[in-house]
Amino acid sequence: LEEQLLESEMPASSQSTLLLQKKKEMAEVQAQLDRKKEEFRQRMQRCQEKEVELAAKQEAIKEQVRKFDKFLKDNDAKRVRANRKAME
(Lines give C-alpha, C1' and ligand atoms only; values in the text may rest on other atoms or scores of the structure.)
Protein backbone atom coordinates (compact mmCIF):
# COMPACT_ATOMS: atom_id res chain seq x y z
CA LEU A 1 0.00 0.00 0.00
CA GLU A 2 2.80 2.38 0.91
CA GLU A 3 4.53 1.54 -2.37
CA GLN A 4 1.33 2.31 -4.27
CA LEU A 5 1.05 5.71 -2.56
CA LEU A 6 4.63 6.51 -3.47
CA GLU A 7 4.04 5.40 -7.06
CA SER A 8 0.92 7.55 -7.35
CA GLU A 9 2.98 10.58 -6.30
CA MET A 10 5.69 9.86 -8.88
CA PRO A 11 5.80 11.64 -12.20
CA ALA A 12 4.59 9.63 -15.19
CA SER A 13 8.12 9.26 -16.58
CA SER A 14 9.35 7.72 -13.32
CA GLN A 15 6.37 5.38 -13.28
CA SER A 16 7.15 4.36 -16.86
CA THR A 17 10.78 3.77 -15.93
CA LEU A 18 9.73 1.71 -12.91
CA LEU A 19 7.31 -0.28 -15.07
CA LEU A 20 10.02 -0.98 -17.64
CA GLN A 21 12.40 -2.02 -14.86
CA LYS A 22 9.80 -4.39 -13.40
CA LYS A 23 9.06 -5.82 -16.85
CA LYS A 24 12.79 -6.40 -17.37
CA GLU A 25 13.06 -8.11 -13.98
CA MET A 26 10.05 -10.24 -14.79
CA ALA A 27 11.56 -11.23 -18.15
CA GLU A 28 14.83 -12.19 -16.44
CA VAL A 29 13.00 -14.29 -13.85
CA GLN A 30 10.95 -15.93 -16.62
CA ALA A 31 14.14 -16.71 -18.55
CA GLN A 32 15.67 -18.29 -15.42
CA LEU A 33 12.50 -20.32 -14.90
CA ASP A 34 12.57 -21.47 -18.53
CA ARG A 35 16.23 -22.52 -18.17
CA LYS A 36 15.44 -24.44 -14.97
CA LYS A 37 12.49 -26.16 -16.65
CA GLU A 38 14.71 -27.19 -19.57
CA GLU A 39 17.42 -28.45 -17.20
CA PHE A 40 14.80 -30.43 -15.30
CA ARG A 41 13.38 -31.88 -18.53
CA GLN A 42 16.85 -32.95 -19.67
CA ARG A 43 17.63 -34.46 -16.26
CA MET A 44 14.37 -36.41 -16.31
CA GLN A 45 15.12 -37.64 -19.83
CA ARG A 46 18.56 -38.87 -18.70
CA CYS A 47 16.93 -40.61 -15.74
CA GLN A 48 14.46 -42.36 -18.04
CA GLU A 49 17.29 -43.44 -20.35
CA LYS A 50 19.22 -44.83 -17.38
CA GLU A 51 16.10 -46.65 -16.21
CA VAL A 52 15.77 -48.31 -19.61
CA GLU A 53 19.47 -49.25 -19.57
CA LEU A 54 19.16 -50.67 -16.07
CA ALA A 55 16.09 -52.73 -17.00
CA ALA A 56 17.96 -54.13 -20.02
CA LYS A 57 20.97 -55.02 -17.84
CA GLN A 58 18.70 -56.69 -15.29
CA GLU A 59 17.07 -58.76 -18.04
CA ALA A 60 20.51 -59.74 -19.35
CA ILE A 61 21.57 -60.85 -15.86
CA LYS A 62 18.34 -62.84 -15.43
CA GLU A 63 19.00 -64.55 -18.76
CA GLN A 64 22.57 -65.39 -17.70
CA VAL A 65 21.25 -66.87 -14.45
CA ARG A 66 18.69 -68.97 -16.37
CA LYS A 67 21.41 -70.26 -18.71
CA PHE A 68 23.71 -71.04 -15.80
CA ASP A 69 20.93 -72.90 -13.95
CA LYS A 70 20.26 -74.93 -17.09
CA PHE A 71 23.99 -75.64 -17.42
CA LEU A 72 24.12 -76.88 -13.80
CA LYS A 73 21.04 -79.09 -14.26
CA ASP A 74 22.42 -80.54 -17.48
CA ASN A 75 25.76 -81.28 -15.83
CA ASP A 76 24.02 -82.85 -12.85
CA ALA A 77 21.96 -85.06 -15.18
CA LYS A 78 25.11 -86.08 -17.07
CA ARG A 79 26.84 -86.90 -13.77
CA VAL A 80 23.92 -89.07 -12.66
CA ARG A 81 23.92 -90.89 -16.02
CA ALA A 82 27.68 -91.40 -15.84
CA ASN A 83 27.39 -92.79 -12.29
CA ARG A 84 24.62 -95.22 -13.37
CA LYS A 85 26.68 -96.33 -16.35
CA ALA A 86 29.72 -96.82 -14.13
CA MET A 87 27.66 -98.95 -11.72
CA GLU A 88 26.52 -101.30 -14.51
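Residues numbered from 1 in each chain as written. Predicted model: local features only at pLDDT ≥ 70, side-chain atom pairs only at ≥ 80, totals over all residues. Heavy atoms only, no water.

(A) Seen up close, the packing of aromatic side chains. Summed over all chains, the structure comprises one aromatic pair. Where Phe68 meets Phe71, the ring centres are 6.1 Å apart and the plane angle is 25 degrees; that geometry is what we call stacked. Of this pair, Phe68 and Phe71 both sit in helix H2 (residues 12–87), three residues apart, roughly one helical turn. Among the residues examined, Phe68 registers a relative accessible area of 49% and is labelled partly exposed. (Phe/Tyr/Trp six-rings, centres within 6.5 Å; stacked < 30°, edge-to-face > 60°. Helix = DSSP H or I, 4+ residues; strand = E, 2+ residues; numbered from the N terminus. Buried < 20%, exposed > 50% of the residue type's maximum accessible area, 1.4 Å probe, protein only.)

(B) Fine view of a positive patch on the surface. A cluster of basic side chains, namely Arg43, Arg46, Lys50 and Lys57, defines a positive patch on the protein surface. The topology assignment puts Lys57 in helix H2. (Patch = residues over 30% accessible without salt bridge, like charges linked within 9 Å, V, L, I, M, F, W, Y side chains within 5 Å. Areas by Shrake-Rupley, 256 points an atom, 1.4 Å probe, with all protein chains shown as cover. Salt bridge = Lys/Arg side-chain N within 4 Å of Asp/Glu carboxyl O. Lys, Arg positive; Asp, Glu negative; His and termini not counted. Charge placed at Lys NZ, Arg CZ, Asp CG, Glu CD.)

(C) Quick peek at the pattern of salt bridges. Using the criterion set out here, one finds seven salt bridges in the structure. Between Lys22 and Glu25 there is a salt bridge, with the nearest N and O atoms lying 3.9 Å from each other. Residue Lys22 and its partner Glu25 are located together in helix H2, separated by three residues, close to a single helical turn. Using a relative accessible area of 43% as the deciding quantity, one classes Lys22 as partly exposed. Take Glu25: its relative accessible area is 34%, and that puts it in the partly exposed class. For Arg41, the salt bridge is made with Glu38, and the minimal N-O distance between the two is 2.5 Å. Of the two residues, Arg41 and Glu38 both sit in helix H2, three residues apart, roughly one turn of that helix. Of the residues examined, Glu38 reaches a relative accessible area of 33% and is grouped as partly exposed.

Nothing here speaks to function; it is geometry throughout.
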